[in-house]
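Each chain, letter by letter, is given below.
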Amino acid sequence: MSIMGAPSSSGRFGEFGGRFVPESLIPACFELEKVFTEAWSDPEFKNEYQRILRDYAGRPTPVTELQRFSDWLGVRVFLKREDLAHTGSHKINNVIGQALLTKRMGKSRIIAETGAGQHGVATATAAALLGLECVVYMGEIDIARQALNVFRMKLLGASVVSVTSGSRTLKDAINEAMREWVASVDTTHYCIGSVMGPHPYPYMVREFQRIIGDEALVQMRQILDGDVPDYVVACVGGGSNAAGTFVGFVDTRSKLIGVEPEGGAAINRGIPGVVHGSLSNLLQDDVGQVQEAHSISAGLDYPGVGPEHSYLASIGRASYATAHDSEVLEALQSLSRLEGIIPALEPAHAIAYVIREAGKTIPLGSSVLITMSGRGDKDAESVAMMLGENN
Amino acid sequence: MANQTLGMLEKALTEKRDGGRKLLVPYISGGLGDWIETIHAIIEAGADAVEVGIPFSDPIMDGPIIQEASQRALDGGITPSAILSELRRNSFAVPIAVMTYYNIVHHAGHKRFARELANSGVSGSIIPDLQLDEGGDWIMMAAENGIDNVLLAAPSTSPERLTRSAVSSRGFVYGVGLMGVTGERASLADSASEIAHRLKECTTRPVLVGVGVSNAEQAVQVSRVSDGVIVGSALVRRLLQGGGPQSAFEFISELRKGIDAII
């Protein structure tokens, strides 16, 4: 049995997870669980999912060994290149799966929340591919800092709804998408973008993302003559790229490390709580109001985290570190200059961690796999502004 | 089940219902303006119980009006304890139920929260994101402390589940009038009377319908089938617009008059 197996029938990973949603949505969660479970063991569904990811999204994505970057740090660093997947991030893996399920359920419409815009773009893409109507909920602040992705979504035929309540970022985009889902659940599937939400979402999204870790395990064994990397590192907001990566290595000797933004570190600074459908670590004040996260990365600007990460932390199988905004910006520039790869701000957190810890907690000569969850084009404008201010 | 003693909320509502009265339960957001005075005003206007919202940062079952009320109250620095303390300092002629989201309960701890409610004279709880699946522990802890925990039944709820929810609910059963979040609607959804009808067929507990019940006409329409209504956004909108206790009194009086005319 894998440490990252299926959750309990009530959707629990250890004590975390569950199904905390309004009654109106409970039947949809049950239906989704049933349809997903059937589909995921149906070879025809899996073939179709894999075929689209191969022929349309460009999988498998390569693993790149970083020469100059590794020489600089004194550790051997490999990148799992999700930035090379269609739409520029790992998000495509999940949305292709969920869009196929939407059709399987006979629904014609798909809604999604988005922070950085990567999941929104991916959902709009899958909707265009499969002929589904698509509406994306996005916080007003994120719309301003991710203008390029907003335009991409519109170009792909999706409507983008500006969310002006609360934090006006990812947290409130999810609130608004859930409210909309309550009102349209008969015809609409809510395509959650991370390993969060009510059961079966955390499990289902992890399964749709496990292709990252499954591929990477094979690739790393090939590169390392049958061995696995000493460290497997991924950034964690909700935690979908990390969950998809970790699941491939959880039963090997690799140390698993998730890197949270300093201003949105649910595992490092939160305590268990319930928001958006599941019990997991959560940034909250002293009476239980959910706090707002603050990160330069819109995709990690979230006060919660997927329940399976809380579980992996609680049993000590994965550990979770944090990275500051300033070291993230430096990491982004270092990787760009040394390797010609501009990372998105999200995976730049994982890179910043490795730069900081190489030769310290990560001994010299170690092998490290980092999941490069997305490419940096979307952030170029905001990074330019931040660097301009800093210089 | 047979020798189960009824909680205060269910006892009061059942007696009134059995006496031939249609039930009116207004919702107001705790911490919003003169909310204590408003509670007194709506009780005077004929409320049979009052639902008091404890604001939460992420109210996913609520539409724009209750969201704004919650946000205003939170911005004013209101806390769950402050609301309960205020309730404790006052006495009311009808039962008070609190409505909040589960993280507030989880954060306080089930036992502490249930005791705090009981000490504040509260006799019911409504937690929209804590239903049958995850609600067992809280329902028991609430019952031990004399708190009736109300469960919801939605238009999408299956017949089998509807029965289970009605059995496990205490106080009354909350029929969700439409597939959507709280808020006013121009006309009553067909689903409002349908959910009332389905619930009346499977339970003897009071059946109240809320969500999308916006005025006297709609309250009358659904109360022909249900035992009464819950009215939130339509009342809270008046308060947000600066109406104060007097406008609450007038609005609830109007609803009272309407449903009292149902024979």
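Residues numbered from 1 in each chain as written. Chains lettered and ligands numbered in written order. Predicted model: local features only at pLDDT ≥ 70, side-chain atom pairs only at ≥ 80, totals over all residues. Heavy atoms only, no water.

Would you mind going over the overall build of chain B with me for this structure?
Summing up its helical and strand segments, chain B has 12 helices and nine strands in all. Scaling as 2.2 N^0.38, a compact globule of 263 residues should have a C-alpha radius of gyration of about 18 Å, and chain B matches this with 17 Å. In terms of overall dimensions, chain B has C-alpha extents of about 45 × 40 × 30 Å along its principal axes. Scored against the burial criterion, the 263 residues of chain B give a buried share of 63%. Only carbon and sulfur atoms are counted for the fraction: they give 50% of the accessible area of chain B, which is about 9800 Å². Here chain B contributes 23 positively and 30 negatively charged side chains, and the mean placements of these two sets differ by 4 Å. (Helix = DSSP H or I, 4+ residues; strand = E, 2+ residues; numbered from the N terminus. Rg over C-alpha atoms; globule rule 2.2 N^0.38 Å. Buried < 20%, exposed > 50% of the residue type's maximum accessible area, 1.4 Å probe, protein only. Areas by Shrake-Rupley, 256 points an atom, 1.4 Å probe, with all protein chains shown as cover. Lys, Arg positive; Asp, Glu negative; His and termini not counted. Charge placed at Lys NZ, Arg CZ, Asp CG, Glu CD.)

Is there a simple way to explain the interface of chain A and chain B in this structure?
By a frequent convention, interface size equals the accessible area lost on bringing the separate parts together. Each partner contributes residues to the interface: chain A has 37 residues there, and chain B has 33 residues. Across the chain A-chain B interface, the total number found is three salt bridges. We note a salt bridge from glutamate 23 of chain A to arginine 161 of chain B, for which the minimum N-O separation is 2.8 Å. Linking chain A with chain B are 16 residue pairs in polar contact (both at pLDDT 80 or more), by the criterion used here. When residues of the side of chain A that touches chain B are assigned to their parent elements, the largest contribution, eight residues, is made by helix H8 (residues 170-184) of chain A. By residue class, the composition of the side of chain A that touches chain B is 18 nonpolar, 10 polar and nine charged. (Contact = heavy atoms within 4.5 Å. Salt bridge = Lys/Arg side-chain N within 4 Å of Asp/Glu carboxyl O. Polar contact = N/O pair within 3.5 Å; in protein donor to acceptor, adjacent residues only side chain to side chain. Nonpolar A, V, L, I, M, F, W, Y, C, P; charged D, E, K, R; others polar.)

Just checking my understanding: could you explain the sheet that holds strand S9 (residues 228-231) of chain B for this structure?
What links the strands of a sheet is backbone hydrogen bonding, and the strands pair in either a parallel or an antiparallel sense. All names here are of chain B. One open sheet accounts for nine strands, arranged S5-S4-S3-S2-S1-S9-S8-S7-S6; its pairing is parallel. Lying at the two open borders of the sheet, with one neighbouring strand each, are strand S5 (148-150) and strand S6 (152-153). Looking at chain direction, strand S2 (residues 50-53) and strand S3 (residues 96-99) are connected through four bridges and run parallel. Within the sheet, the bridge partner assigned to glycine 53 lies in S3 and is methionine 99. Across the sheet, helix H2 (residues 35-44) is in contact with strand S1 (23-29), S2 and S3; its angle to S1 comes to roughly 170°. (Pairing = 2+ DSSP bridges. Axes fitted to C-alpha atoms, helices over the stretch in contact; angles between N-to-C directions.)

I tried to follow unusual backbone geometry on my own but got confused; where do I start?
Excluding glycine, a negative phi dihedral is what most residues carry, and trans is how most peptide bonds are arranged. Residue and element names in this part refer to chain A. Proline 60 follows arginine 59 through a cis peptide bond whose omega is 0°. Of note, the bond from histidine 199 into proline 200 is cis; its omega dihedral lies within 30 degrees of zero at 15°. Despite not being glycine, arginine 168 shows a phi value in the positive range, around 55°. Unlike most non-glycine residues, aspartate 225 shows phi in positive territory, near 50°. By secondary structure assignment, the location of aspartate 225 is in the loop between helix H9 (201-223) and strand S9 (231-235). Taking relative accessible area as the criterion, aspartate 225 reaches 72% and is therefore assigned exposed.

Hey, could you run me through the sheet that holds strand S14 (residues 367-372) of chain A in this one?
All names here are of chain A. If you trace the six strands from one edge of the open sheet to the other, you get S3-S4-S14-S9-S10-S13, paired in mixed fashion. Edge positions in the open sheet fall to strand S3 (63-66) and strand S13 (318-323), since each of these has one partner strand only. Taking the axes of each pair of neighbouring strands and ignoring which way they run, one obtains an average angle of 25° across the sheet. Most of the contacts of helix H13 (residues 325-339) go to S13, to which it runs at about 95°, and overall it touches S3, strand S4 (76-81), S13 and S14.

For this particular structure, what's the right way to read the domain arrangement of chain A?
Residue and element names in this part refer to chain A. When the domains of chain A are assigned, the result is domain 1 (13-52 + 90-201) and domain 2 (59-89 + 210-387). Of note, the centres of domain 1 and domain 2, computed from C-alpha atoms alone, are 22 Å apart. Across the contact, 40 residues belong to domain 1 and 46 residues belong to domain 2. Where domain 1 abuts domain 2, roughly 3300 Å² becomes buried across the two surfaces, and 62% of that area is made up of carbon and sulfur atoms. Between the two partners, domain 1 and domain 2, sit one salt bridge. As a salt-bridge pair, aspartate 301 and arginine 145 come within 2.7 Å of each other at their nearest N and O atoms. Counting the contacts that link domain 1 with domain 2 gives 18 residue pairs in polar contact (both at pLDDT 80 or more). (Domains from an automatic or database assignment. Buried area = accessible area lost by both parts, 1.4 Å probe.)

Could you clarify how one ought to interpret the layout of surface pockets in this entry?
Over the atoms rolls a probe the size of a water molecule, and in doing so it shows where empty space is left. All names here are of chain B. One number sums up the size of the second largest pocket: a volume of about 160 Å³. For the second largest pocket, the lining is made up of 14 residues, of which Ser91, Phe92, Val94, Ile96 and Gly121 are closest to its centre. If you list the elements that add at least two residues to the lining of the second largest pocket, you get helix H4 (80-89) and strand S4 (122-126). Looking at the lining of the second largest pocket, its residues break down into eight nonpolar, five polar and one charged. (1 Å grid on protein atoms, 1.4 Å probe; cavity = no way out; pocket = protein on both sides within 12 Å on 5 of 7 lines; lining within 4 Å. Points joined across faces, edges and corners; volume = space filled by probe spheres on them.)

For this particular structure, what's the right way to read empty space enclosed by the protein?
All names here are of chain A. Going through the model one piece at a time under the given rule, you end up with six cavities of 30 Å³ or more. Looking at the largest cavity, its volume works out to about 320 Å³. Lining the largest cavity are 31 residues; nearest its centre among them are His90, Lys91, Gly299, Leu300 and Glu346. For the lining of the largest cavity, the secondary structure elements donating two or more residues are strand S5 (109-114), helix H5 (118-130), H8, helix H10 (240-249) and helix H14 (345-357).

What should I look at first to understand the nonpolar core in this one?
The nonpolar side chains of a soluble globular protein tend to be buried, and buried together. Counting residues in each nonpolar core, the largest one holds 161 residues, and the members touching the most others are Ile39 and Leu87 of chain B. Looking at this core element by element, the count peaks at eight residues for helix H1 (residues 26-40) of chain A. Two domains share this core, each providing at least three of its residues, namely domain 1 (13-52 + 90-201) and domain 2 (59-89 + 210-387) of chain A. Ignoring any residue separated from it by four or fewer positions in sequence, one finds leucine 87 of chain B in contact with Trp35, Ile36, Ile39, Phe92, Ile96, Val98, Ser120 and Val122 of chain B. Of all hydrophobic cores here, the second largest spans 34 residues; its members include Phe69, Val75, Val328 and Ile351 of chain A. (Core = buried A, V, L, I, M, F, W, Y, C linked by side-chain atoms within 4.5 Å.)

Explanation requested: the pairing of S5 of chain A in the structure shown.
The side chains of a regular strand alternate, first on one face of the sheet and then on the other. Residues and elements named next belong to chain A. Across the six residues that make up S5, a large majority, six, are buried. What you see with S5 is no split at all: Arg109, Ile111 and Glu113 on one side and Ile110, Ala112 and Thr114 on the other are buried throughout. Inspection of the sheet shows S5 paired to strand S6 (residues 133-139) by six bridges, in the parallel sense. Within S6, the position partnered with threonine 114 by the bridge is methionine 138. Following the backbone out of S5, through H5 and into the adjacent parallel S6, one traces a crossover that is right-handed. Pairing geometry for S5 and strand S8 (residues 188-190), over three bridges, is parallel. Counted as the bridge partner of isoleucine 110 is histidine 189 from S8. (Right-handed = clockwise from strand over helix to strand, strands pointing away.)

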